[in-house]
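Coordinate analysis (summary)
For reference, the chains in residue letters:
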Amino acid sequence: ELLAAFRYALRSFMYFSESAAKGIGLTAQQYQALLVLRGFSDNREVTINDLAQQLLVRHNTAVGLVDRLGAQGLIARRQSSLDGRQVYLRLTAKGERMLERLGAVHREELRRIGPQLKQLLQQISALAKSQ
């Protein structure tokens, strides 16, 4: 029962997230890709392979995603000067702004549902420890 409630809470958040992204013209996968680019440390450049691994998709799927995000002006590519086959990705200023807009509504939603998620996790953890 607890796991079902927790899964429902997660799916509800994912539905919220997908709807918020769609509301500004992005797919859920595009939003996730922007998050991946933002989430990597500043001293590590992100490759298409990194993106594919983080999104759990095939390389060619990540390439298509990068193409679409690039066409929207949300990300930019840069070829490696050492290895021309290697492509590095970064958010553009437009991508940063869009991600900030989505981040703000997501943070608010997490503030709203956070106590419920915390309670469910505590109950699940207590149950797991007792077994």
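Described in the following lines is the structure provided in the data block.

Conventions and cut-offs
Residues numbered from 1 in each chain as written. Predicted model: local features only at pLDDT ≥ 70, side-chain atom pairs only at ≥ 80, totals over all residues. Heavy atoms only, no water. Helix = DSSP H or I, 4+ residues; strand = E, 2+ residues; numbered from the N terminus. Expected span 1.5 Å × (residues − 1). Buried < 20%, exposed > 50% of the residue type's maximum accessible area, 1.4 Å probe, protein only. Core = buried A, V, L, I, M, F, W, Y, C linked by side-chain atoms within 4.5 Å. Contact = heavy atoms within 4.5 Å. Pairing = 2+ DSSP bridges. Axes fitted to C-alpha atoms, helices over the stretch in contact; angles between N-to-C directions. Salt bridge = Lys/Arg side-chain N within 4 Å of Asp/Glu carboxyl O.

Considerations on helix α2 (residues 28–39)
The terminal C-alpha atoms of α2, which comprises 12 residues, lie 16 Å apart, in line with the 16 Å expected from a rise of 1.5 Å per residue. Buried within α2 are the following residues: Gln30, Tyr31, Ala33, Leu34, Val36 and Leu37.

Focus: the nonpolar core
The biggest cluster of nonpolar side chains holds 26 residues, and the ones touching the most others in it are Leu26, Leu34, Leu51, Leu69, Ile75 and Leu89. Counting residues per element, the ones that place at least two in this core are α1 (2–23), α2, α3 (48–55), α4 (59–71), β3 (87–91) and α5 (93–130). Of all the elements, α2 adds the most residues to this core, at 5 residues. In this view, Leu69 contacts Leu26, Gln30, Ala33, Leu34, Leu74 and Ile75; residues no more than four positions away in its chain are not counted. Counting 7 residues, the second largest nonpolar core, distinct from the first, contains Phe6, Ile113, Leu117 and Leu120.

Focus: the sheet that holds strand β1 (residues 46–47)
Across the sheet, which stays open at both edges, the 3 strands sit in the order β1-β3-β2 with antiparallel pairing between neighbours. Looking at the sheet topology across the chains shown, the edges are occupied by β1 and β2 (75–79). The pairing of β1 with β3 spans 2 bridges and is antiparallel. Looking at β3, one finds that Val46 is bridged to Leu89. Running at roughly 120° to β2, α4 makes contact with β2 and β3 of the sheet.

Some remarks on the pattern of salt bridges
For the structure on display, the rule yields 7 salt bridges. Taking the shortest distance from any N to any O, the salt bridge between Arg85 and Asp83 comes out at 3.1 Å. A relative accessible area of 28% means that Asp83 is categorised as partly exposed. The partner of Glu108 in a salt bridge is Arg111, and the shortest N-O contact between them spans 3.3 Å.

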